[in-house]
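# Fold and geometry: a report
The primary structure of each chain is shown beneath.
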Amino acid sequence: MTPITIAITGGIGSGKSVVSKILRCLGFQVFDCDSEAKVLMDGDENIKKEIASTIDSQSIYLNGAINRKRLAEVVFNSPAKLEILNKIVHGAVRDRIEQWRRSIDAPVAFVETAILYQSGLNRSVDAEWRIVAPEELRILRVMRRNNANREEVKQRIESQQFDPSATDVQPPLTEIVNDDATPLLPQILEKIYDKSR
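This text gives an overview of the structure that appears in the document. Keep in mind it's a predicted model, so treat the numbers as computed, not measured.

Quick look at the overall build of the chain now. If you tally the helices and strands in the chain, you get eight helices and five strands. For the chain, the α and β elements follow one another from N to C terminus as β-α-β-α-α-α-α-β-β-α-α-β-α. For 197 residues, the compact-globule formula gives about 16 Å, and the C-alpha radius of gyration of the chain, at 17 Å, lands near that figure. Along the longest, intermediate and shortest principal axes, the C-alpha atoms of the chain span 50 × 40 × 35 Å.

So this is what it looks like as structure tokens:
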């Protein structure tokens, strides 16, 4: 039986990973799209060739490894190239998610993704939990975590902006507030209880 699949979404710095860690501690399966994309980009020669030929040849080191800093600079300065990268990588990630869903024996499973709609995963999940936090707090979190400057973080936030109303498939949405003032665990437990009734 394929589990009910809930997407954990939210922009950079919102706290998706924190919610995912809590869910794992509660015994739930969580598929991390970002980690899986990195594995595919590091290990799949066809993906690397496509990135080099369609996005930027200098994003691939001579030893075949991805130059992530260079690739991020290129795609976050070009919406068209970011869209190409998403198509290359996220088609492969979607295939991995389907294999994973068929392999687990659980009534509910979670998929963590920053780009639910841009990746097309909105068509594969049953619901969306969107993690929300004030933009200034998100900026400060990412600056601390990534040792990045404010402009770099704002650029990343802007590159992830997407209007879900532009798509024809919108899973039922629930928001979880992660503003460093509202406790997360009670919100998560309430949502789990609601979804499993």
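What follows covers the environment of E50. Mapped onto the fold, E50 is located in helix α3 (residues 45–54). Residues E50 and I88, 38 residues apart in the sequence, show an inter-C-alpha distance of 7.4 Å. Apart from the residues lying within four places of it in its own chain, the contact partners of E50 are I55 and I88.

Further remarks concern the layout of surface pockets. Here the second largest pocket is characterised by a volume of approximately 350 Å³. What lines the second largest pocket is a set of 19 residues, among which G10, G11, R130, Q160 and F162 lie closest to the centre. Per-class residue counts for the lining of the second largest pocket are nine nonpolar, seven polar and three charged.

How each quantity is defined
- Residues numbered from 1 in each chain as written.
- Predicted model: local features only at pLDDT ≥ 70, side-chain atom pairs only at ≥ 80, totals over all residues.
- Heavy atoms only, no water.
- Helix = DSSP H or I, 4+ residues; strand = E, 2+ residues; numbered from the N terminus.
- Rg over C-alpha atoms; globule rule 2.2 N^0.38 Å.
- Contact = heavy atoms within 4.5 Å.
- 1 Å grid on protein atoms, 1.4 Å probe; cavity = no way out; pocket = protein on both sides within 12 Å on 5 of 7 lines; lining within 4 Å.
- Points joined across faces, edges and corners; volume = space filled by probe spheres on them.
- Nonpolar A, V, L, I, M, F, W, Y, C, P; charged D, E, K, R; others polar.

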